Amino acid sequence: MAKQIILFSLVSLSFGLLAFAFEPSPLQDFCVADFTTTARVNGHACKNPASVQASDFSFSGLHLPGNTSNPNGSRVTPVAVAQLPGLNTLGISMVRIDYAPWGINPPHTHPRATEILTVLEGSLQVGFVTSNPDNSLITKTLQKGDVFVFPVGLIHFQRNVGTGNAVAIAALSSQNPGVITIANAVFGSKPGISSDILTKAFQVDKSVVYQLQDKF
């Protein structure tokens, strides 16, 4: 990829001109995450290239089914920078998602990544909701081999609509896409959001809010 320089601004000052520039392309072959340093950067500091090994670029175990014995009936196995240090600064990651029959990957969002999902086994109902004010639901039932994309930041979900287990693989456009599960964030925050706020926001009785907060 050719080197790109983006000129953000050219400011005229009394003593002359000041230019601000940004280089979006990597300036080295790789930047393997160094988890031993306390340096605070946008991502992780780079490991000394002399100490980099093949294991920094590999991950094993994605062929193993995830344990879906939980209330949602699904399990996400991530391969992000925390599991694969060589992903640092590369802007990509992936996950394996296992679903029990009628299991769901509940409504959630990735604040830093678009997701593209491929069904390996089973049938999945998938969907996302557009932003305010339309809040349109875009949904489809996928079969083995089908692909679906969830735009960055939008709330989305999957549900196994088959009688057997389902498996999907998804790629995400960030080494650390983040995940915000809506129910957990709203009803399980620490400290909790005031019940008065949630009662008014969801237009339900306060006892319903308490019940939901107890679950999360």
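Since we're looking at a predicted model, the values are computed, not measured. (Residues numbered from 1 in each chain as written. Predicted model: local features only at pLDDT ≥ 70, side-chain atom pairs only at ≥ 80, totals over all residues. Heavy atoms only, no water.)

Draft legend 1. A look at the sheet that holds strand β3 (residues 74-79). Sheet architecture is open: 5 strands sit in the order β3-β4-β11-β6-β9, paired in antiparallel fashion. Of all the strands in the sheet, just β3 and β9 (147-150) have a single pairing partner and so form its edges. Between one strand axis and the next, the sheet turns through 20 degrees on average, direction left out of account. (Pairing = 2+ DSSP bridges. Helix = DSSP H or I, 4+ residues; strand = E, 2+ residues; numbered from the N terminus. Axes fitted to C-alpha atoms, helices over the stretch in contact; angles between N-to-C directions.)

Draft legend 2. Region of interest: unusual backbone geometry. At the junction of Asn 132 and Pro 133, the peptide bond is cis and its omega measures out at 5 degrees in the coordinates. Mapped onto the elements of the fold, Pro 133 is located in the loop between β7 (124-129) and β8 (137-142). Backbone torsion omega between Lys 190 and Pro 191 reads -5 degrees, so that peptide bond is classified as cis. You can see Pro 191 is positioned in the loop between α1 (182-187) and α2 (195-202). In the Ramachandran plot, Thr 89 falls in the positive-phi region, its phi being about 75 degrees despite a non-glycine side chain. Among the structural elements, Thr 89 can be located in the loop between β3 and β4 (93-99). The phi angle at Asn 135 is positive, at roughly 50 degrees, despite the residue not being glycine. Within the element layout of this structure, Asn 135 appears in the loop between β7 and β8.

Draft legend 3. Spotlight on the UniProt feature "binding site: oxalate" (unreviewed entry) in the protein. In the numbering used here, UniProt assigns the "binding site: oxalate" (unreviewed entry) feature to Asn 105, His 110 and Glu 115. Note on placement: Glu 115 falls in strand β6 (residues 115-121). (UniProt positions renumbered as here; feature names shortened; annotations may be inferred.)

Draft legend 4. Structural detail: the UniProt feature "binding site: Mn(2+)" (unreviewed entry) in the protein. In the numbering used here, UniProt assigns the feature "binding site: Mn(2+)" (unreviewed entry) to His 108, His 110, Glu 115 and His 156. The largest pairwise C-alpha distance within this set of annotated residues, which runs over 49 residues, is 11.9 Å, so the set is compact in three dimensions. Note that His 108 resides in strand β5 (residues 104-109). The contact partners of His 108, leaving out residues within four places of it in the chain, are Glu 115, Leu 154, Ile 155, His 156, Gln 158, Val 179, Ile 180, Thr 181 and Ile 182. For His 108, the side chain forms a polar contact with the side chain of His 110, separated by 3.5 Å. Position of His 156 relative to the elements: it lies in strand β10 (residues 156-160). (Contact = heavy atoms within 4.5 Å. Polar contact = N/O pair within 3.5 Å; in protein donor to acceptor, adjacent residues only side chain to side chain.)

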